[in-house]
Amino acid sequence: MKRAILACVLAIICLSLPSYAGMQCSIEDTITCENDPNREVIFTISDLADGGSHAMYYQDEYGNEAEGYFPKSVCCGGVAGLKAFVETSAPSPTTYDFEIGFFADGHFSRTGTYTTFKRGLYLDAPTDIDCQYSTEECNTAGYDTCLFTISEDSPGYSHVSGCGDTEYPFDNANDYRYCCSSGTATCSITDIYWGLLNEADELEEMSGSGPIGGEQDIFLIVETANCLPGTQVNFGIDKDPAGTFTFKTYPDMDLGTFEGEPLGAEYSNVAVAYWETPAIDGDYIFKATVHKDEVVREDDSPIVNVDGDVCQAIDPTPYCPSMTDEEKALCASQCVLGGEYPCPDNDCDEVANCIDRFEGTVVDPELVDKCTGVVRGTAGCVPKMDCTNLLWSECKNCEAGQECNTVGGFDAGTMYMERCETGDCLCKWNTEGGVTPTGCTDALLDQSDNRFKECIEDEEFPFFDGFNVIAVLLVLSLYYAIIIVRKKK
């Protein structure tokens, strides 16, 4: 396992870290900002319009996205590890280095004085950031960039707009611009996520929150930027939302290593840990702590759900590679659905693992195993298909240029049969209620590529053709001639 990970872990790691030359912000489509790994959604706005827009936060301190956030956003880049989040019932903004303001009912307030403003918005980054409200243009005031403008400086309900000429900026004497500058780049955590092995035995980022099977292999991955040699990483796992991270802890490991072995110079910014998930259902989260001397950075992973009833991981090596045909037959007859013969059904398709590995598979994304990405065999699917509704035509002659020739591959003059001449070409499942069997997909029912077959033609038995009749008569003549000669003697 360790050798495979060291060889394949780098398939998902960001090889080119962005270069940072000061903070830059603008109003973008939220989806565009989401898909840019070098930029961060600060908060979202309803639209760009004269008179400003309503505002809504994007995610909370746990990384949970707001429901129904707006299609436009204040989008910023140029700072490694930049994060924007809100805290509900937040303490006074004066206790935070990068206070921005508060949200309530889609409105924004610089001070959040009213009790209805309960969500405080914050910026955080390991890089030094200097941000202030200003009545001047941000560049004039000595800042890198302007994030947004607000309609008024009051404890009440302000609207938000952009800063550029085409972004309807507020420009009267009471308006405030929020301006920021980035300082010297320091060690930061740029990404943190769970990883799983795919069908190629490569480690890749887990998409979504699961569930994954109990005791399934999963990996803890952290990516960093601008951290000095000798920086160490500590991982801790706990059940969310306990937050104590003592369910499982790892000793300090050097950045750029996996289980004590280096990942290589170009991956010195990455640390990986391995976890065999417990057979205890629930939500889990891990924390990565990156530290050297007085510099300490921490971040929490997304939540992942563990469910012991979910199908388990499959060993990517083939099963029973030297089985004889008799052994395969024995496996198929005795161990499907758990007989005495030792052939488990790890991919939950009601077909023994060894048979899965000897049967053909269909290259269809829907047939990829939900646990590991291994393509499932179709051995358990074909016997459960009912294709009696697809009637074959009478035998007919294939002519050049027809589909039997171009699609079916038959030579001109070949007698063939065809089905699905009209309508769809779908078989049915012969299960109760026509339910799709476990481990199969409805894509198998489509027989569009299996519409033609060659006829079995009657052929004249050749024994009594003209030549054979003459030969038989000659043999009989010779036989009787021999008999007559013998009698005369």
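Residues numbered from 1 in each chain as written. Predicted model: local features only at pLDDT ≥ 70, side-chain atom pairs only at ≥ 80, totals over all residues. Heavy atoms only, no water.

Trainee: Just give me the short version of the overall build of the chain, but keep the residues and values in it.
Mentor: Each helix and strand counted, the chain has 6 helices and 30 strands in total. By residue count, 42% of the 489 residues in the chain fall in the buried class. With the model as given, the accessible surface of the chain reaches about 26,300 Å², and the carbon-plus-sulfur share is 50%. (Helix = DSSP H or I, 4+ residues; strand = E, 2+ residues; numbered from the N terminus. Buried < 20%, exposed > 50% of the residue type's maximum accessible area, 1.4 Å probe, protein only. Areas by Shrake-Rupley, 256 points an atom, 1.4 Å probe, with all protein chains shown as cover.)

Trainee: Please set out the nonpolar core residue by residue, giving values where relevant.
Mentor: Residues Ile42, Phe43, Phe108, Leu123, Leu147 and Phe148 are the most contacted members of the largest nonpolar core, which totals 31 residues. By size, the runner-up hydrophobic cluster in this structure holds 26 residues, among which are Trp194, Tyr250, Ala288 and Val304. (Core = buried A, V, L, I, M, F, W, Y, C linked by side-chain atoms within 4.5 Å.)

Trainee: Pulling in residues and values, what's your account of the state of the cysteines?
Mentor: Where two cysteines share a covalent bond between their sulfur atoms, that bond is called a disulfide. Tallying each qualifying case throughout the model produces 10 disulfides. Between the sulfur of Cys131 and that of Cys180 lies a disulfide, 2.0 Å long from S to S. The disulfide joining Cys131 to Cys180 has a torsion of about 115° about its S-S bond and is therefore right-handed. Remark: Cys180 occurs in strand β12 (residues 176-182) and Cys131 occurs in strand β9 (residues 129-134); sequence separation between them is 49 residues. As far as burial versus exposure is concerned, Cys131 and Cys180 are alike and both buried. The disulfide partner of Cys395 is Cys455, and the S-S distance across this bridge is 2.1 Å. Judged by the sign of its S-S torsion, about -120°, the cystine formed by Cys395 and Cys455 is left-handed. Pair noted here: Cys395 is in the loop between β26 (385-386) and β27 (396-397) and Cys455 is in the loop between β30 (452-454) and α6 (466-488), with a separation of 60 residues, a long-range link. Exposure remark for Cys455: the relative accessible area of 7% places this residue in the buried category. (Disulfide = S-S within 2.5 Å.)

Trainee: Account for the side chain of Gln59, with residues named and values stated.
Mentor: As for its position among the elements, Gln59 is in the loop between β3 (55-56) and β4 (72-77). Residue class for Gln59 comes out buried when judged on its relative accessible area of 16%. Not counting the four nearest positions on each side in its chain, Gln59 is found in contact with Glu40, Asn64, Glu65, Ala66, Ala84, Phe85 and Val86. (Contact = heavy atoms within 4.5 Å.)

Trainee: Would you mind going over the environment of Met206 in detail, with residue names and values included?
Mentor: Tracing the chain through its elements places Met206 in the loop between β14 (203-205) and β15 (212-213). Considered as a pair, Met206 and Gly195 are 11 residues apart in the sequence and their alpha carbons are 4.9 Å apart. Excluding anything up to four places from it in sequence, Met206 contacts Trp194, Gly195, Leu196, Ile212, Ile218 and Val304.

Trainee: So, the environment of Ile189: which residues are in play, and what are the values?
Mentor: Within the secondary structure layout, Ile189 lies in strand β13 (residues 188-197). The class of Ile189 is buried, set by a relative accessible area of 6%. A sequence separation of 80 residues divides Ile189 from Asn269, and the C-alpha atoms of the two residues are 9.3 Å apart. Contact partners of Ile189, with chain neighbours within four places excluded, come to Gly81, Val222, Glu223, Thr224, Ala288, Val290, Arg297, Glu298 and Asp299.

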